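Report on the structure
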Amino acid sequence: MLDLHVHLRGTMLPLKIEKLAARNGVRVPPDTLRARGYGWSDFTCFLKAYDLLTSVIVTARDLEEVAYDYLRSSASTGATYVEFMLSPPDLLRTGVPFEDQLSAISAARDQALELHGIDCRMIATAVRHLGPAPALNAARIAVARRNEILVGFGLTGDERKFAVSEFAEAFRIARSEGLLATAHAGEHLGAETVVEAIDKLGLTRVGHGVRAAESEAVLRQLADNRIPLEVCLSSNLSLGLYKNLADHPIRRLREAGCRIVLGTDDPPFFETGIAGEYSKATEALRLHEAGRAITDDAIDAAFCDDATKARLRCVHARDKSPYACPDDPLIR
Ligand code: HPA
Ligand code: ZN
């Protein structure tokens, strides 16, 4: 299983938030922590709750612990690879240079790979509702220092704020330095915005993109161009995009020829994990071996290097049959 859409700071369970809040002297309302999914009511409230709860992460050590915790717990459910989104300026504000943020996540990765056989990469992100100037800043920070763990550039936040074209320059900078691009689109706005984001930002993948299902022309374009959609079923249901799994367009998207990969988005906020997303997808697609097909597509769609993809293919091939793997101590 691969988790290709998850906000690193959005992975914390209540105990972790409490621990970091105490360590860093940050106050978080106990009621929020105790509420199911942290108790927000709509997307605007979700973003507020997210900002409040994630403010407990202050240091590079905090970030390393949060990344390691998520990798360890995902691996325990069978995950092998995660792509984390993180906005560089968030921890710059608390005095942690982006270089140190990446080193912290690299350290978590090394440990998780060695102990639990799970790998990860990073996608630096800009936050759409903060506007184009901070996005440019985020892109410049992302490309200033290269680290092998950083493979992508993304756009998160509130899709309803600012025109997507206003972020084109930030994405141009990121892509010109070899980062692959993804952006949240077609989640809160309609099908046409998916095409617009792909065209204006040069996307390799789309975050969510599920509302593409509302337009035959957009579906055809996605299928023809083989652009994967990072589908986050629990997130879509929690945020009220669809009433229930039967109403979710994942099956329609797949049958139209779109490539589907899965993500958890902000797992405790949406009361999920990657195993839950795979089982929901299998149920919704009513497809024998849906998990396998999604994993194969996810390995193709991952932003990592070919050697890592080869290792993942090898690990997953062993899921179903004896397979001649290269001599890799990480494969068990
Ligand atoms: N959606 C959009 N932006 C975000 C999210 C999300 O789920 N989490 C953190 N930033
Ligand atoms: Zn997201």
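Below is a short write-up of the structure. Bear in mind that the values here come from a model prediction, so they are computed numbers and not experimental data.

This part covers the pairing of strand S1 (residues 2–7). Side-chain direction in a regular strand flips from residue to residue, so the side chains alternate between the two faces of the sheet. Counting buried positions along S1 yields six of six residues, so the element is predominantly enclosed. Pairing analysis gives four bridges linking S1 to strand S2 (residues 81–86), with the strands arranged parallel. Looking at the pairing, valine 6 lines up with phenylalanine 84 of S2.

This next bit is on the site of ligand 1. Close contacts around ligand 1 come from His7, Phe43, Phe46, Tyr50, Thr156, Gly157, His184, Asp265 and Asp266, and that covers them all. In this structure, an oxygen atom belonging to ligand 1 sits 3.2 Å away from a side-chain N or O atom of aspartate 265. Here an oxygen atom of ligand 1 and a side-chain polar atom of aspartate 266 are 2.7 Å apart. Within the complex, the protein chains bury 96% of what would otherwise be the 260 Å² of accessible surface of ligand 1. With three residues, the single largest contributor to the shell around ligand 1 is helix H3 (residues 43–54). Of the residues that constitute the shell around ligand 1, the class distribution is three nonpolar, four polar and two charged.

This part is about helix H7 (residues 132–144). With 13 residues, H7 should cover 18 Å at 1.5 Å per step; its first-to-last C-alpha distance of 18 Å lies within 8% of that length. Every buried residue of H7 is listed here: Ala135, Ala138, Ala139, Ile141, Ala142 and Val143. Residues of H7 that are buried sit in contact with helix H5 (88–92), helix H6 (98–116), strand S3 (119–127), strand S4 (150–156) and helix H8 (168–176).

Let's shift gears to the coordination of the zinc ion (ligand 2). Those donors, His5 (NE2), His7 (NE2), His184 (NE2) and Asp265 (OD), are the protein atoms that reach the zinc ion (ligand 2), and they lie 2.1 to 2.2 Å from it. Taken together, the four donor atoms surrounding the zinc ion (ligand 2) define angles of 85 to 167 degrees at the centre, an arrangement classified as irregular. Here the donor residues for the zinc ion (ligand 2) map to a single chain with the spacing H-x1-H-x176-H-x80-D. Taken together, the positions of histidine 7 in strand S1 and histidine 184 in strand S5 (residues 180–185) put the pair 177 residues apart, joining distant regions of the chain. Across this residue pair, the class does not change: histidine 7 and histidine 184 are buried.

Viewed as axis vectors pointing N to C, helix H9 (residues 192–201) and helix H10 (residues 216–225) meet at an angle of 35 degrees, and their least axial separation amounts to 9 Å. Classified by chirality, the crossing of H10 by H9 is left-handed. Counting all contacts with H9, which are made through Glu192, Val194, Val195 and Ile198, the residues of H10 involved are Val218, Gln221 and Leu222.

What follows covers the packing of aromatic side chains. Applying the stated criterion to the full structure yields eleven aromatic pairs. Residues tryptophan 40 and phenylalanine 46 carry aromatic rings whose centres are separated by 5.4 Å and whose planes lie at 75 degrees to one another, so their mutual orientation is edge-to-face. Across this residue pair, the class does not change: tryptophan 40 and phenylalanine 46 are buried. Arranged with centres 5.0 Å apart and planes meeting at 70 degrees, the rings of phenylalanine 153 and phenylalanine 171 form a pair that is edge-to-face. Within this pair, whereas phenylalanine 153 is found in strand S4, its partner phenylalanine 171 is found in helix H8, the two being separated by 18 residues in sequence. Each member of the pair phenylalanine 153 and phenylalanine 171 is classed as buried. Here the aromatic cluster, defined as three or more aromatic residues joined through ring pairs, consists of Tyr38, Trp40, Phe43, Phe46, Tyr50, Phe269 and Phe270.

A word on the sheet that holds S1. The strand order S1-S2-S3-S4-S5-S6-S7-S8 describes an open sheet built from eight strands, whose pairing is parallel. The outermost strands of the open sheet, each flanked by one partner alone, are S1 and strand S8 (260–262). Each strand of the sheet is rotated relative to its neighbour by a mean of 30 degrees, with strand direction disregarded. Where S5 meets strand S6 (residues 205–208), four bridges bridge the pair, whose relative direction is parallel. The residue bridging histidine 184 from the neighbouring strand is glycine 207, located in S6. Along the sheet, helix H13 (residues 274–285) contacts S1 and S8; its crossing angle with S8, the most-contacted strand, is approximately 145 degrees.

What follows concerns the pairing of S5. Taking burial as the measure, the six residues of S5 include five buried ones, the bulk of the element. Across four bridges, S4 lies against S5 in parallel orientation. Residue pairing across strands places glycine 154 opposite threonine 182, the latter belonging to S5. The β-α-β motif built from S4, the intervening H8 and the parallel element S5 has right-handed crossover chirality. A crossover connection joins S5 to the parallel S6 through H9; in handedness this β-α-β unit is right-handed.

Here the focus is the environment of arginine 251. Within the secondary structure, arginine 251 sits in helix H12 (residues 250–255). Expressed as a C-alpha distance, the spacing of arginine 251 and valine 6, which sit 245 residues apart in the sequence, is 22 Å. Residues in contact with arginine 251, not counting those within four places in the same chain, are Ala284, Leu285 and Arg286.

Conventions adopted
Residues numbered from 1 in each chain as written. Chains lettered and ligands numbered in written order. Predicted model: local features only at pLDDT ≥ 70, side-chain atom pairs only at ≥ 80, totals over all residues. Heavy atoms only, no water. Buried < 20%, exposed > 50% of the residue type's maximum accessible area, 1.4 Å probe, protein only. Helix = DSSP H or I, 4+ residues; strand = E, 2+ residues; numbered from the N terminus. Pairing = 2+ DSSP bridges. Near = heavy atom within 4 Å. Polar contact = N/O pair within 3.5 Å; in protein donor to acceptor, adjacent residues only side chain to side chain. Areas by Shrake-Rupley, 256 points an atom, 1.4 Å probe, with all protein chains shown as cover. Nonpolar A, V, L, I, M, F, W, Y, C, P; charged D, E, K, R; others polar. Expected span 1.5 Å × (residues − 1). Contact = heavy atoms within 4.5 Å. Donors = N, O, S within 2.8 Å, 3.2 Å for Na, K, Ca; no water. Tetrahedral: all angles 85-135°; square planar, octahedral: opposite > 155°, others 65-115°. Axes fitted to C-alpha atoms, helices over the stretch in contact; angles between N-to-C directions. Left-handed = near helix turned anticlockwise from the far one by under 90°. Phe/Tyr/Trp six-rings, centres within 6.5 Å; stacked < 30°, edge-to-face > 60°. Right-handed = clockwise from strand over helix to strand, strands pointing away.

That is the geometry; function is a separate question.
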